[in-house]
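# Structural features, examined
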Amino acid sequence: MKKYMILVFLVLVIELSVLYGISLFFDTNLVNTMFLGSCIFTIFAFLISSTGDVLSKSGQVAVFDMLLGSYKPQHEKMTLKISPFLVGSILCFGMYFVLYYLGLLN
């Protein structure tokens, strides 16, 4: 559990530093950059962590089409792996609201 929390904290620090660096490099407002960036990180982490959905099925369809076989859809239960990347991205998104409403991002 300790290793998991360290990884979540590391992901959170890396995401915040990347977003801060992007706002400095492009000379944009940190509030806008942090909101949009944390949304993109969260959506990307959700897509990576989920299985059994349309995105993972498209890879199977492409292989069957390439081999000229008939595709029989397999019904598998959708699962979501709660990874440190997903939790860190959600915390980064939540950190935006905390910092914004405390007035620290102006």
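All figures in this text were calculated on a predicted structure; none of them were measured in a lab.

## Some thoughts on the packing of aromatic side chains
Taken as a whole, this structure holds 9 aromatic pairs when the rule is applied. Considering the side-chain rings of phenylalanine 35 and phenylalanine 93, the 5.9 Å spacing of their centres and the 40° angle between planes classify their relative orientation as tilted. Note that phenylalanine 35 is positioned in helix H2 (residues 30-49) and phenylalanine 93 in helix H4 (residues 84-101), a separation of 58 residues in sequence. Overall, the relative accessible area of 30% leaves phenylalanine 35 in the partly exposed class. Aromatic pair tyrosine 96 and phenylalanine 97: ring centres 5.0 Å apart, planes at 65°, arrangement edge-to-face. Following the ring pairs from residue to residue traces out a cluster consisting of Phe35, Phe93, Tyr96, Phe97, Tyr100 and Tyr101.

## Re the state of the cysteines
Summed over all chains, the structure comprises 0 disulfides. Summary of cysteine pairing: cysteine 92 is not part of a disulfide, and the nearest cysteine sulfur, belonging to cysteine 39, is at 9.6 Å.

## Section: the nonpolar core
Residues Leu12, Leu19, Val31, Met34, Cys92, Tyr96 and Leu105 constitute the largest nonpolar core, which totals 7 residues. Going through the elements one at a time, helix H1 (2-25), H2 and H4 are the ones with two or more residues in this core.

## Section: unusual backbone geometry
Phi at aspartate 27 takes a positive value of approximately 55°, unusual for a residue other than glycine. Looking at the secondary structure, you find aspartate 27 in the loop between H1 and H2. Residue classification places aspartate 27 among the exposed residues on the basis of a relative accessible area of 71%.

## Looking at the side chain of threonine 33
With respect to the secondary-structure elements, threonine 33 resides in helix H2. According to the relative accessible area criterion, threonine 33 is buried, its value standing at 12%. Once residues within four sequence positions are removed from consideration, threonine 33 is found in contact with Leu19, Ile22, Ser23, Thr28 and Ser38.

Rules used in this analysis
- Residues numbered from 1 in each chain as written.
- Predicted model: local features only at pLDDT ≥ 70, side-chain atom pairs only at ≥ 80, totals over all residues.
- Heavy atoms only, no water.
- Phe/Tyr/Trp six-rings, centres within 6.5 Å; stacked < 30°, edge-to-face > 60°.
- Helix = DSSP H or I, 4+ residues; strand = E, 2+ residues; numbered from the N terminus.
- Buried < 20%, exposed > 50% of the residue type's maximum accessible area, 1.4 Å probe, protein only.
- Disulfide = S-S within 2.5 Å.
- Core = buried A, V, L, I, M, F, W, Y, C linked by side-chain atoms within 4.5 Å.
- Contact = heavy atoms within 4.5 Å.

Limitation: the analysis is restricted to geometry and does not speak to function.
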